[in-house]
Amino acid sequence: MRSFVWAGVLALLAGGLSAQRPHRSGLWGEIAPGVGHARLACAGCPDVETVNGVTTQFRIGGTISRHVLIGVETFSMIDRPFGVTSEDSTSAESGTFAVIVMWFPGKSGLFFKGGVGTSYGDFVIAADTSSGVGMGLTFGMGWDFPISRKFAFTGNLGTYVTALGDIVLPGRRVDDVIATMYQLSVGFTFR
Amino acid sequence: MAASLLAVLLLLQGDSATRAAGTTAFPYPPPARPVMAVAQTVLINVFVNRVDAWVFNQDWAHVGPDDWARNLRLGWEWDEDAFGTNMFAHPYHGALYFNAGRANGLDYFRSIPVVFFGSWTWEYFAETYRPSLNDWVMTSFGGIALGEMFHRVAATIRDNQARGGGRTFREIAALPIDPMGAFNRLVRGQWGAVGPNPPEHDPGSYVLRLGGGFRYAEGWTTDSGTAQLAAVIVDLLYGDPFAQEYRDPFDVFGLRLILSAGGGINVLRGSGRLYQKNLNSASARIRHVLGVNQRYDYINNPAQSIGGQSVEVGVNSRWRLGSKGYGLRTALFGDFIILGAIDAPATGFGERNYDFGPGVGARAEVALERHGARFVRLMWQAERIHAVSGASANHTVNFVGAELNVPVWKAFAVAAHATRFNRTSRYTDGSPTDSRNFTEGRLLLVWTQAGFGP
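Residues numbered from 1 in each chain as written. Chains lettered and ligands numbered in written order. Predicted model: local features only at pLDDT ≥ 70, side-chain atom pairs only at ≥ 80, totals over all residues. Heavy atoms only, no water.

**A look at the overall build of chain A**
Test applied: In DSSP terms, a helix is any run of H or I states spanning at least four residues, a strand is any run of E spanning at least two, and both are numbered starting from the N terminus. Residue exposure (1.4 Å probe, protein chains only): buried if accessible area is under 20% of the type maximum, exposed if over 50%, otherwise partly exposed. Any two residues having at least one pair of non-hydrogen atoms within 4.5 Å are treated as being in contact. Throughout, the Shrake-Rupley method with a 1.4 Å probe supplies accessible areas, and for residues the shown protein chains are the sole cover considered.
Across its full length, chain A holds one helix and eight strands. Its helices and strands in sequence order give chain A the pattern α-β-β-β-β-β-β-β-β, from N to C terminus. Buried residues in chain A amount to 49% of all 191 residues. Across chain A, contacts joining residues at least 24 apart in sequence account for 62% of those joining residues at least 6 apart. Summing over all exposed atoms, chain A offers an accessible surface of approximately 8700 Å²; the carbon and sulfur share of this is 67%.

**A look at the overall build of chain B**
The criterion, for reference: It is over C-alpha atoms that the radius of gyration is taken, and the globule rule equals 2.2 Å times the number of residues to the power 0.38.
In terms of regular secondary structure, chain B is built from eight helices and twelve strands. Relative to the 2.2 N^0.38 estimate, which gives 22 Å for 454 residues, the radius of gyration of chain B is 23 Å and therefore close to what a compact globule would have. In chain B, which comprises 454 residues, the proportion classed as buried is 53%. At a minimum sequence separation of 6, the contacts of chain B that also span at least 24 residues come to 65%. For chain B, the computed accessible surface area is about 19300 Å², with 64% contributed by carbon and sulfur atoms.

**So, empty space enclosed by the protein**
Vacant regions in the atomic arrangement are exposed by a probe of water-molecule size rolled over the atoms. All names here are of chain B. Heads up, the rule is: Grid points spaced at 1 Å and placed over the protein atoms alone form the basis of the search, with a cavity being a set where a 1.4 Å probe fits but cannot get out and a pocket an open set showing protein on both sides within 12 Å along at least five of seven lines. Lining residues have an atom within 4 Å of a point. Grid points are joined across faces, edges and corners, and a volume is the space filled by probe spheres set on the points.
On inspection of all chains with the given rule, the structure shows three cavities of 30 Å³ or more. Within this model, the second largest cavity holds a volume of roughly 200 Å³. Taken together, 17 residues make up the lining of the second largest cavity; nearest its centre are R269, D297, I306, Q381 and E383. Counting only elements with at least two residues in the lining of the second largest cavity, the list comes to β5 (286–300), β6 (305–321), β9 (373–386) and β10 (393–409). Ranked by the residues each element gives to the lining of the second largest cavity, the list is headed by β6, at five residues.

**Side note on the pairing of β10 of chain B**
Residues and elements named next belong to chain B. For clarity, the cut-off: In this scheme, strands are said to pair when DSSP sees at least two bridges between them.
Examined bridge by bridge, β9 and β10 share eleven bridges and lie antiparallel to one another. Bridge pairing links M379 to G401 in β10. Hairpin connection between β9 and β10: a loop of six residues separates the two successive antiparallel strands, and G390 in this loop has a positive phi of roughly 120°. The antiparallel hairpin formed by β10 and strand β11 (residues 412–427) contains two residues in its connecting segment, where K410 sits at a positive phi of about 50°.

**Details of the interface of chain B and chain A**
Our working definition: We define buried area as the total accessible area lost by two parts upon association, computed with a 1.4 Å probe and summed across both. Think of a salt bridge as a Lys or Arg side-chain nitrogen and an Asp or Glu carboxyl oxygen that are within 4 Å of each other. Here a polar contact is taken to be a pair of N or O atoms separated by no more than 3.5 Å, where protein atoms must pair a possible hydrogen donor with a possible acceptor and residues adjacent in sequence count only if both atoms sit in side chains.
Taken residue by residue, the interface counts 26 residues in chain B and 24 residues in chain A. Three residues stand out in chain B for area buried against chain A, namely L74, W76 and V388 of chain B, and they jointly supply 22% of the buried area on that side. One can count one salt bridge joining chain B with chain A. Between D47 of chain A and R73 of chain B there is a salt bridge, with the nearest N and O atoms lying 3.3 Å from each other. Remark: the boundary between chain B and chain A carries nine residue pairs in polar contact (both at pLDDT 80 or more).

**Describing the pattern of salt bridges**
As a working rule, side chains carrying opposite charge can pair if their charged atoms are close by. Residue and element names in this part refer to chain B. All told, the structure shown has 32 salt bridges over all chains when counted by the stated rule. The closest approach of N and O atoms between R295 and E312, which form a salt bridge, is 2.8 Å. Placement of R295 in strand β5 and of E312 in strand β6 is noted, with a sequence separation of 17 residues between them. The same class applies to R295 and to E312, which are both buried. Of the charged contacts in the structure, one is a salt bridge between R363 and E312, with a shortest N-O distance of 2.9 Å. Within this pair, whereas R363 is found in strand β8 (residues 354–370), its partner E312 is found in strand β6, the two being separated by 51 residues in sequence. For R363, a relative accessible area of 17% gives the class buried. Through salt bridges with shared partners, a single ionic network connects D235, R256, R269, R295, D297, E312, D335, R363, E365, R377, E383 and E403.

**Section: the side chain of D144 of chain A**
Residue and element names in this part refer to chain A. Within the secondary structure layout, D144 lies in strand β6 (residues 128–146). By relative accessible area, D144 is classed as buried at 1%. Discounting residues that sit within four places of it in the chain, D144 has contacts with H23, R24, F104, G109, F111, F153, T154 and T189.

**Observations regarding the nonpolar core**
Residue and element names in this part refer to chain B. As a reminder, the rule being used: In this description, a nonpolar core means a group of buried Ala, Val, Leu, Ile, Met, Phe, Trp, Tyr and Cys residues linked to one another through side-chain atoms lying within 4.5 Å.
Formed by 53 residues in total, the largest nonpolar core has its most connected members in W78, L133, V137, F253 and F356. Of the residues forming this core, the biggest block, eleven residues, is contributed by helix α6 (residues 133–157). When near neighbours in sequence (up to four residues on either side) are disregarded, F356 contacts W78, N86, M87, N134, M138, L339, G340, A341, H386, A387, V388 and S389. Of all hydrophobic cores here, the second largest spans 20 residues; its members include V267, I299, F399 and L444.

**Observations regarding the domain arrangement of chain B**
All names here are of chain B. Where we set the bar: By convention here, the domain bounds are inherited from an automatic or database domain assignment. Residue polarity is assigned by list, with Asp, Glu, Lys and Arg as charged and Ala, Val, Leu, Ile, Met, Phe, Trp, Tyr, Cys and Pro as nonpolar; anything else, Gly included, falls into the polar class.
Under the domain assignment used here, chain B contains domain 1 (2–199) and domain 2 (203–451). Once you take the C-alpha centre of each, domain 1 and domain 2 turn out to be 27 Å apart. Every contact between the two is made by 26 residues of domain 1 and, on the other side, 37 residues of domain 2. A combined buried area of about 2700 Å² lies between domain 1 and domain 2, and 73% of that area is made up of carbon and sulfur atoms. Counting the contacts that link domain 1 with domain 2 gives zero salt bridges. Seen at the junction of domain 1 and domain 2, the total is twelve residue pairs in polar contact (both at pLDDT 80 or more). Mapped by element, the contributors of at least two residues to the side of domain 1 that touches domain 2 are α4 (83–102), α5 (108–125) and α6. For the side of domain 1 that touches domain 2, the element with the highest residue contribution is α6, accounting for 13 residues. Along the lines of polarity and charge, the residues of the side of domain 1 that touches domain 2 split into 16 nonpolar, five polar and five charged.

**Let's talk about the sheet that holds strand β7 (residues 326–343) of chain B**
All names here are of chain B. Basically, it comes down to this: An axis is simply a line fitted to the C-alpha atoms; with a helix, the fit covers only the stretch in contact. Between two such axes, the angle follows the N-to-C directions and lies from 0 to 180 degrees.
One closed barrel accounts for twelve strands, arranged β1-β2-β3-β4-β5-β6-β7-β8-β9-β10-β11-β12; its pairing is antiparallel. The sheet shows a mean angle of 20° between the axes of neighbouring strands, direction not considered. Pairing between β7 and β8: 16 bridges, direction antiparallel. Counterpart to R329 in the pairing with β8 is A367.

**Observations regarding the environment of V48 of chain A**
Structurally, V48 of chain A is set in the loop between β1 (28–41) and β2 (49–63). Classification of V48 of chain A as buried rests on a relative accessible area of 13%. Residues V48 of chain A and G171 of chain A lie 123 residues apart in sequence; the distance between their C-alpha atoms is 20 Å. In this structure, V48 of chain A is in contact with R39, L40 and A41 of chain A together with R73, L74 and R130 of chain B, ignoring residues within four places of it in sequence.

**Topic: the packing of α5 of chain B against α6 of chain B**
Residues and elements named next belong to chain B. Heads up, the rule is: Each helix crossing is assigned a hand: it is left-handed if the near helix lies turned anticlockwise from the far helix by less than a right angle, otherwise right-handed if that turn is clockwise.
Where α5 contacts α6, the axes come no closer than 9 Å and their chain directions differ by 145°. α6 is crossed by α5, and the crossing has right-handed handedness. Taking contact as the criterion, the partners of Y108, I112, V115, F116, S119, W120 and E123 in α5 are, on α6, D135, W136, T139, S140, F141, I144 and E148.

**A closer look at the side chain of Q276 of chain B**
Residue and element names in this part refer to chain B. Looking at the secondary structure, you find Q276 in strand β4 (residues 264–278). A polar contact of 2.8 Å, which involves the side chain of Q276, links it to the side chain of R273. In this structure, Q276 is in contact with P241, Q244, Y246, V289, L290 and G291, ignoring residues within four places of it in sequence.

**Some details on the environment of L321 of chain B**
Counting through the fold element by element, L321 of chain B comes out in strand β6. Placed 272 residues apart in sequence, L321 of chain B and N49 of chain B show a C-alpha to C-alpha distance of 56 Å.

Below is the structure:
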């Protein structure tokens, strides 16, 4: 973990010195593991549940112009309890598949991201599985730190708003679930 | 406070704009004023909130730091507002944000963050209610679609080369369609200034149809026979996908408005192209173009309420017939509904009687036309909405229609429309499947104004 953080810091320094223009061009891809925080709300629930988990994100796309990229992105966050129950045999995963637009406003690696697509949630409780499918929105920002002509480290800060519908659990039903996930990740970007 | 801040910003940015623009009152491209655009969205929110709090004494408008802290902690939920509020009023509100961007020199894409920012700040800081996810989506995406169409329609109404009373009339006529554009033009002294028009003023090809007559509807309420209602229809085709190569989003769009006695706005539907690519030669007699459109749909009548924000991808084709401008047009599109809304029995939540959900769909159309003006039109559309708020249900909608326009004298025609609507709702909680049909006919006297060419 410590070496991972140091790698990020070094990349930040290197990138800050060398970034003269957006790194991504042509066909590009990025994979980014990270950490996340989720907030689950439901209809009629007086409060929200919050949990932490690990996230994975994969993006691939192309270039529309010097400042605008388009692509698709998958994102998932996994947590065993995920707030819906305290049973040990529980696991939960929620994610988004979205078409995204990335905007690099200047010559640096700074970018902003927005996207819309579908979302899913899988909840395994004992032997029962419940899942929801719905709408997903994502917004975020980040910075590409070029390491070489073909490779860059990318810092990402993102939010994913997913509407999952009703989740049927053993003995109860959770209506109109909205999971809002916040992600912090370091990506590996290839082009 | 907010007004003072805005006045200072206007002075500062007006000065820089004049420097950038030289002597003309209508520089093109207009100078971008992103700070002013954001400041105006904040001003809209402060103004609307204070009017609701101080003039109408609405409880929900008396917000304070405790509400803001709670909203930031708890985040999104679904609201229980009426269909018209969520699906028309909020998108119109979003159009104000969007056009704060457009009126300050931002293009379509750069105005998008402005509308998301304006809507997000309203949801979190302008109401005592928790922020509503459906409001954010409808206000933002609907605001983008309606905002860009309103911006362009207002630009066609305004004429920077007109003078006198006619000029003032045009400025006032455009005000309810694009209030933010009107406000910025007034502040900058552009209501009376003479200069060149922006490109949006002249769409090249266009067809405007205004119709008045009657609607005959069967099954609008479950126990009624045939209802007769007075109706007004406005159809606008702004630009032509075959006459103009793609330049900007919504440089070609279609808009239909139906006003009906007793119900006000019954239909407001618009679709504008976001992108287009020729699939064969632009000079071929038979042409095919790949199109991506952003769509806004609002249908609200006693029998059915349905609407949403969507993006569609498909192919428009035109077959020329003879040499006098006649042709056959077809369209085949598939769509993705970002978030839709539909009513059915046992739907909704709390006081809300309809569901929200994403979906998919398709539509097809065949039309006989001359220079883009359709005389005979056959259409089909199917949509499926998966509810994520309200009932546990999947709603399927099928819509077929035929429209005939028969010219009778000069620009006047008699139009006959017939449509058939079907909704089937399947519930996953064991409730029985519900189905609803209604048939509608329209007989209208229609006036057509059209322009041809790029």
